[in-house]
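# Residue-level structure breakdown
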Amino acid sequence: MRRIVLAALLAALAFAVPASAQNFPTRPVTIVVPFAAGGPSDAMARILAERMKVTLGETVLVENVTGAGGSIGVGRAAKSAADGYTISFGHLGTHVANGAIYKLGYDLVADLDPVVLLPSNTMVLVSKNAVPAKTLKEFIDWLKARPSPAAAGTAGAGSGSHIAGLYFENLTGIKLQYVPYRGTGPAMNDLVAGQIDLIVDQLSNSIQQVRAGNIRAYAVTNPKRIESAADIPTVDEAGLNGFHMNLWSGMWVPKGTPKDVIAKLNAAVVEAMNDPAVKKQFENLGLQMPPSDKLTPEALGEWQKAEIAKWWPVIKAANVKVD
Ligand code: MLT
């Protein structure tokens, strides 16, 4: 009898003691990706998860929780236990813009702790092959000559593809008809099938379809050409000066996650980003690695706050309507 009581007491104590890094993780870790499988966020998370499990010694799962420009998935992660077993994957759209567009049931800064800044994606203007334009100038002329707005695929209001579309509209005076998907993976399927006209997409999502000749690329929103997509001109070369945008990504955990657990997750991601095979995969997708002095949790926290200060006034002024 005494042995049973003792075992029960120890079991209760085990739950009482917060997770600490020295034996973290003791079960699978889940990365919540707020967009559909097959898109750029999903691809980056899965490549990292594959390598993180080597360092952490536990399975790292990717769970796609979609909808409302990624804000549903972020909410799911933000409200999970602050024990390091649930990670919120996101980017400029989900962890900055959504705060200016949606009435979120959580606060992007108060309810999340930053873990690490991840690679960034230049955007690329891509269209279905049926569009009779060979250059960005011809594409813009085609868009302007249409009797009705062209259909632009996005991952929902506030997503990176949507913000990039708004930026493009603002610079060209062209009006687009946004078609929201649960991610730009499904949007890409419709672009290849000719069901929609264009996407202002993350390069990593379009690059393979461009290489296969299934869609047409006009320009990247980067001051310099991207090495693994060197045949795509920059927006400046193509005549749309200053249409620069890089979609940075990051990982967060619920506020209150033990600092030593965050440090362990941070180290596992940094190790994954330094892995030669991972670097090669990211390079091939046209992704740009984060600066090595910006890899601490604090650096992501400062970056996110600066981006909120920069983008919220712009997005609020655009009076974005949610889908
Ligand atoms: C977006 O912001 O457009 C999303 O990242 C697309 C995706 O990852 O599916």
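What comes next is a walk through the structure. Source: prediction; values computed, not measured.

### Describing the side chain of Ser 161
- On the secondary structure map, Ser 161 appears in helix H6 (residues 160–172).
- In terms of polar contacts, Ser 161 uses its side chain to reach the side chain of Ser 159, at 3.2 Å.

### Describing H6
- Over its 13 residues, H6 runs 18 Å from end to end, which matches the ideal 18 Å to within 8%, given 1.5 Å per residue.
- When H6 is considered as a whole, its buried residues turn out to be Gly 160, Ser 161, His 162, Ile 163, Ala 164, Gly 165, Phe 168, Glu 169 and Thr 172.
- Phi for Gly 173, located one or two positions after H6, is positive at around 80°.

### Describing the pairing of strand E7 (residues 198–202)
- Most of E7 sits inside the fold, with 5 of its 5 residues counted as buried.
- Here strand E4 (residues 112–128) pairs with E7 via 5 bridges, running antiparallel. Looking at the pairing, Val 124 lines up with Asp 201 of E7.

### Quick look at the site of the ligand
- Close to the ligand lie Phe 35, Gly 39, Pro 40, Ser 41, His 91, Ala 155, Ser 159, Gly 160, Ser 161, Gly 183, Thr 184 and Gln 202, which account for all nearby residues.
- One of the side-chain nitrogen or oxygen atoms of His 91 is found 2.8 Å away from an oxygen atom of the ligand.
- Across the complex, the protein chains shield 100% of the 270 Å² of accessible surface that the ligand would expose by itself.
- Mapping the ligand onto the cavity grids shows that it belongs to the largest cavity.
- If you list the elements that add at least two residues to the shell around the ligand, you get helix H2 (40–56) and H6.
- Per-class residue counts for the shell around the ligand are 3 nonpolar, 9 polar and no charged.
- Taken domain by domain, the shell around the ligand gets at least three of its residues from each of domain 1 (28–120 + 247–317) and domain 2 (122–238).

### What about the packing of H2 against helix H11 (residues 276–284)?
- Direction vectors running N to C along H2 and H11 enclose 170°, while the axes themselves pass 10 Å from each other. The angle between H2 and H11 places the two elements in the roughly antiparallel class. Along the contact surface, H2 presents Met 44, Ile 47, Leu 48 and Arg 51, while H11 presents Val 278, Gln 281 and Phe 282.
- Residue composition of the contact of H2 with H11, by class: 5 nonpolar, 1 polar and 1 charged.

### Some details on helix H4 (residues 92–101)
- In terms of burial, H4 is a largely internal element, 10 of the 10 residues being buried.
- Where H4 is buried, its residues contact helix H3 (71–78), strand E3 (86–91), E4, H6, strand E9 (246–254) and helix H12 (297–318).

### Quick word on empty space enclosed by the protein
- Applying the stated rule across the entire model yields 1 cavity of 30 Å³ or more.
- The space that makes up the largest cavity amounts to roughly 90 Å³.
- Surrounding the largest cavity, 15 residues form its lining, Phe 35, Pro 40, Ala 155, Thr 184 and Gln 202 being those nearest its centre.
- Of all the elements in the fold, those that place two or more residues in the lining of the largest cavity are H2 and H6.

### Looking at the layout of surface pockets
- Of the voids in this model, the largest pocket is the one considered here, and its volume is about 330 Å³.
- Along its surface, the largest pocket is lined by 16 residues, and Ile 163, Tyr 167, Met 245, Trp 311 and Val 314 are the ones closest to its centre.
- Sorting elements by how many residues they give to the lining of the largest pocket places H12 first, with 7 residues.
- Residues of the lining of the largest pocket, tallied by class, amount to 11 nonpolar, 3 polar and 2 charged.
- A domain split of the lining of the largest pocket shows at least three residues from each of domain 1 (28–120 + 247–317) and domain 2 (122–238).

The rules behind the values
Residues numbered from 1 in each chain as written. Predicted model: local features only at pLDDT ≥ 70, side-chain atom pairs only at ≥ 80, totals over all residues. Heavy atoms only, no water. Helix = DSSP H or I, 4+ residues; strand = E, 2+ residues; numbered from the N terminus. Polar contact = N/O pair within 3.5 Å; in protein donor to acceptor, adjacent residues only side chain to side chain. Expected span 1.5 Å × (residues − 1). Buried < 20%, exposed > 50% of the residue type's maximum accessible area, 1.4 Å probe, protein only. Pairing = 2+ DSSP bridges. Near = heavy atom within 4 Å. Areas by Shrake-Rupley, 256 points an atom, 1.4 Å probe, with all protein chains shown as cover. 1 Å grid on protein atoms, 1.4 Å probe; cavity = no way out; pocket = protein on both sides within 12 Å on 5 of 7 lines; lining within 4 Å. Sits in = over half its atoms within 2 Å of the grid points. Nonpolar A, V, L, I, M, F, W, Y, C, P; charged D, E, K, R; others polar. Domains from an automatic or database assignment. Axes fitted to C-alpha atoms, helices over the stretch in contact; angles between N-to-C directions. Parallel < 35°, antiparallel > 145°, perpendicular 65-115°, else oblique. Contact = heavy atoms within 4.5 Å. Points joined across faces, edges and corners; volume = space filled by probe spheres on them.

That's the geometry; what it means functionally is another story.
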